[in-house]
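What the coordinates show
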Amino acid sequence: VLLTRGHALETLAKVRHFVFDKTGTLTIGKPVMLEIRPVADLEATACLQLAAALEQASEHPMAQGFLQAVGTTPLPAVASRENLQGKGVSGIIKGRRYTLGNASLTPELADSCRLDTEPALSATVVWLCEENQVLAGFVLADAARPHAAELVTALRKQGIRVSIYSGDSTAVVKHFAAIIGVDDWRAELSPQAKLDALRALQQQGEIVAMTGDGINDAPVMAGAQVSLAMGNGTQMARASGDMVLLSENLLEIAHAVTTSRFTMSIVRQNFIWAIAYNLVAVPFAATGHLSPLVAAIGMSLSSLVVVLNALRLR
């Protein structure tokens, strides 16, 4: 874990609540396309090309699932492309506006965003819509990162509550939270809703650490007392984070908490020792009860004690 801001270590030692994004943070962040379900007259291949074209410039982990599925097939040009935080993307292709994202991206078509059969609970459905109709639903799935469940257990043993704030569907987040053992979760949250939920925790007196990887996580990471960005996340997330997880091993987060608490304990011990020593030794030296040589040796030994105590952190 790389610390990028000076307050990170001290604040991390005080954290009592960890909030995690799901996709790309607690999951591997490489969704695989499981199925394409056209719901209009357009063929599945044509729908995939439109969706992949909209996702070409996106840094969201979900975009990679589309680009891998389309392979080397030439994609149409996109004009006026727009990233709609927490919802999806939109753009104009051959004079027609298309949107790709969750059902809330096009409220007027939300009732039409339904599949004949429900996908697996671990899957996410992304909808491709034209100006006045739903074209297709794309079913993608992502796997949990190794040690995600162990991280939750390790944080709880340190007295830290764990929550998941995600923009994914309720069914997906609920299923994933059950797999890794998280009871407090929220789904279908926009970036602003995530920030509002985090501020509500802070108003309750919680010291919160936020962990995320995407552009959508940047506002809530900036609002947390301390934040941790995934090393393989977007540049925006890394810039917003007070710390960066350079390893793929999530257990390093729990190790960072342990190290920060131990560090602050050592700092307090050294302060107590230094204050106590000076309160005792300085008056004796000032009144002449200690020779300058003995006082100098005593001060050197005091500094040595502080250094040796600090070496326990290694």
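Structure: see above.
Here the residue numbering is sequential within each chain, running from 1 through the sequence in written order. Totals for whole chains, interfaces and linings use every residue, but because this is a predicted model, local features are given only for residues with pLDDT of at least 70 and side-chain atom pairs only at 80 or more, for both listing and counting. As a rule here, side-chain values come from all non-hydrogen atoms in the structure, and water together with hydrogens is ignored.

Turning next to the overall build of the protein chain. Secondary structure elements are taken from DSSP: a helix is a run of H or I of four residues or more, a strand is a run of E of two residues or more, and numbering for both begins at the N terminus. Counting secondary structure elements, the protein chain contains ten helices and 13 strands. Based on C-alpha atoms, the radius of gyration is set beside the globule rule, defined as 2.2 Å times the residue count to the power 0.38. Whereas a compact globule of 314 residues would reach a radius of gyration of roughly 20 Å, the protein chain reaches 26 Å, over 25% beyond that. Structurally, the protein chain occupies a C-alpha span of about 100 × 35 × 30 Å along its principal axes. Burial status across the protein chain gives 44% buried among its 314 residues. Contacts are assigned to residue pairs that have any heavy atoms within 4.5 Å of one another. Sequence-distant contacts in the protein chain: of pairs separated by 6 or more residues, those separated by 24 or more amount to 60%. Surface exposure of the protein chain reaches about 15,500 Å², of which carbon and sulfur atoms provide 57%. Only protein chains enter the area calculation, which uses a 1.4 Å probe; residues under 20% of their type maximum are buried, those over 50% are exposed, and those in between are partly exposed. Computed by Shrake-Rupley with a 1.4 Å probe, the accessible areas treat only the displayed protein chains as cover when residues are assessed.

Turning our attention to the sheet that holds strand 7 (residues 123-129). Hydrogen bonds between backbone atoms are what pair the strands of a sheet, whose relative direction is either parallel or antiparallel. If DSSP finds at least two bridges between two strands, the strands pair. Strand order in the open sheet formed by six strands is 3-8-7-6-5-4, and the pairing between neighbours is antiparallel. Both edges of this open sheet fall to strand 3 (32-38) and strand 4 (79-84), since each of them pairs with a single strand only. Averaged over all pairs of adjacent strands, the angle between their axes in this sheet comes to 15°, without regard to strand direction. Direction of pairing for strand 3 relative to strand 8 (residues 134-141): antiparallel, over a ladder of six bridges. The partner of arginine 37 across the bridge, within strand 8, is glycine 137. Fitted lines through C-alpha atoms give the axes, limited to the stretch in contact for helices. The angle between two N-to-C directions lies from 0 to 180 degrees. Against the sheet, helix 2 (residues 44-55) makes contact with strand 3, strand 4, strand 5 (88-93), strand 6 (96-101), strand 7 and strand 8, and its axis sits at roughly 110° relative to strand 5, the strand it touches most.

Of note, the phi angle at serine 80 is positive, near 55°, even though the residue is not glycine. For serine 80, the location among the structural elements is in strand 4. Using a relative accessible area of 48% as the deciding quantity, one classes serine 80 as partly exposed. With a phi angle near 75°, histidine 147 is a residue other than glycine that sits in the positive phi range. Along the chain, histidine 147 falls in the loop between strand 8 and helix 4 (148-157).

When we look at burial in helix 4, the residues that qualify are Ala148, Leu151, Val152 and Leu155. In a view along the axis of helix 4, the buried residues occupy a sector of 100°, so they form one face of it. Of the surrounding secondary structure, the elements contacted by the buried residues of helix 4 are strand 2 (17-20), strand 9 (161-165), helix 5 (170-180) and helix 9 (251-286). Where helix 4 ends, the next residue or the one after it, glycine 159, has phi of about 80°, a positive value. What the arc describes is the spread of directions from the helix axis to the C-beta atoms.

Structurally, serine 260 is set in helix 9. Those residues in contact with serine 260, other than ones at most four positions away along the chain, are Leu9, Leu12 and Ala13.

What follows covers a nonpolar patch on the surface. Nonpolar side chains (Val, Leu, Ile, Met, Phe, Trp, Tyr) within 5 Å and like charges within 9 Å form the patches, drawn only from residues with over 30% relative accessible area and no salt bridge. Salt bridge criterion: a side-chain nitrogen from Lys or Arg within 4 Å of a carboxyl oxygen from Asp or Glu. Residues Leu293, Ile297, Leu301, Leu304, Val307, Leu308 and Leu311 make up a contiguous nonpolar surface patch of roughly 660 Å² in combined accessible area. When its relative accessible area of 46% is taken as the criterion, valine 307 is described as partly exposed.

The full count for this structure, using the stated rule, is ten salt bridges. Measuring nitrogen to oxygen at the nearest pair gives 3.4 Å for the salt bridge that ties aspartate 242 to arginine 5. Here aspartate 242, found in the loop between helix 8 (235-240) and strand 13 (243-245), pairs with arginine 5, found in the loop between strand 1 (2-3) and helix 1 (8-12); they are 237 residues apart in sequence, far enough to count as distant. In this structure arginine 5 comes out as partly exposed when scored by relative accessible area, which is 35%. Among the ionic pairs, arginine 37 bridges to glutamate 35, the shortest N-O distance being 2.9 Å.

If you trace the backbone, cysteine 129 turns up in strand 7. Ignoring any residue separated from it by four or fewer positions in sequence, one finds cysteine 129 in contact with Arg97, Tyr98, Thr99, Thr106, Leu109, Val134 and Leu135.

What follows is about helix 10 (residues 292-310). The end-to-end C-alpha distance of helix 10, which contains 19 residues, comes to 27 Å, matching closely the 27 Å that a straight helix rising 1.5 Å per residue would cover. Every buried residue of helix 10 is accounted for by Gly298, Ser302 and Asn309. One side of helix 10 holds all its buried residues, which, seen down the axis, span an arc of 45°. Away from its buried face by more than 90 degrees, helix 10 exposes Pro292 and Leu293. At its buried positions, helix 10 is contacted by helix 9. One less than the number of residues in a helix, times 1.5 Å, gives the span that helix is expected to have.

With that out of the way, let us pick up the sheet that holds strand 13. Pairing is mixed in the open sheet, where seven strands are placed in the order 1-13-12-11-2-9-10. At either margin of the open sheet sits one strand with a lone partner, and together these are strand 1 and strand 10 (184-186). With respect to the sheet, helix 5 is in contact with strand 9 and strand 10, its orientation differing from that of strand 10 by roughly 160°.

Closest axis-to-axis distance for the helix 9/helix 10 pair is 10 Å, and the angle between their directions is 175°. By the criterion of interaxial angle, the relationship of helix 9 to helix 10 is roughly antiparallel. Facing Ile266, Gln269, Asn270, Trp273, Tyr277, Asn278 and Ala285 of helix 9, the residues of helix 10 in contact are Ala295, Gly298, Met299, Ser302, Val305, Val306, Asn309 and Ala310. Charged residues are taken to be Asp, Glu, Lys and Arg, nonpolar residues to be Ala, Val, Leu, Ile, Met, Phe, Trp, Tyr, Cys and Pro, and polar residues to be all remaining types, Gly included. A class-by-class count of the residues in the contact of helix 9 with helix 10 yields nine nonpolar, six polar and no charged. Roughly parallel refers to an angle under 35 degrees, roughly antiparallel to one over 145, roughly perpendicular to one between 65 and 115, and oblique to any angle outside these ranges.

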